[in-house]
Amino acid sequence: MSKIKGAIVVNTERCKGCQLCIVACPQDVIGLAQKKVNVHGYPYAEPIAPDKCVGCSSCAIVCPDGCITVYRKKVED
């Protein structure tokens, strides 16, 4: 049996830390960087529980700056 797993990649230099992706994620995969900022001075979104990602793309859909890419892969159990 196989299931779909997801993986997100965040373009941290473009992220403004608006947190819309954090709110949109049903699996609580994304969090705001703690004590880190990008070149523009914003704390950025980053995966904090990447193993929980199901590849739903909710985070990428709501991101106003298109900073998030979601990859989906089939994993055999």
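Residues numbered from 1 in each chain as written. Predicted model: local features only at pLDDT ≥ 70, side-chain atom pairs only at ≥ 80, totals over all residues. Heavy atoms only, no water.

**Q** In this structure, what is going on with the side chain of Glu46? I would like to understand it.
**A** The topology assignment puts Glu46 in strand 3 (residues 45-47). Within the structure, the side chain of Glu46 is placed 3.3 Å from the side chain of Lys36, a separation counted as a polar contact. (Helix = DSSP H or I, 4+ residues; strand = E, 2+ residues; numbered from the N terminus. Polar contact = N/O pair within 3.5 Å; in protein donor to acceptor, adjacent residues only side chain to side chain.)

**Q** Teacher, can you tell me more about the environment of Val37 here?
**A** With respect to the helices, strands and loops of the structure, Val37 is situated in the loop between strand 2 (30-32) and strand 3. On the basis of relative accessibility, which here comes to 51%, the residue Val37 falls in the exposed class. Along the primary structure Val37 and Gly17 are separated by 20 residues, whereas in three dimensions their C-alpha atoms are 9.3 Å apart. With near-sequence residues (within four places) excluded, Val37 lies in contact with Tyr42, Pro43 and Tyr44. (Buried < 20%, exposed > 50% of the residue type's maximum accessible area, 1.4 Å probe, protein only. Contact = heavy atoms within 4.5 Å.)

In short, the description is geometric, and any link to function would need to be established separately.
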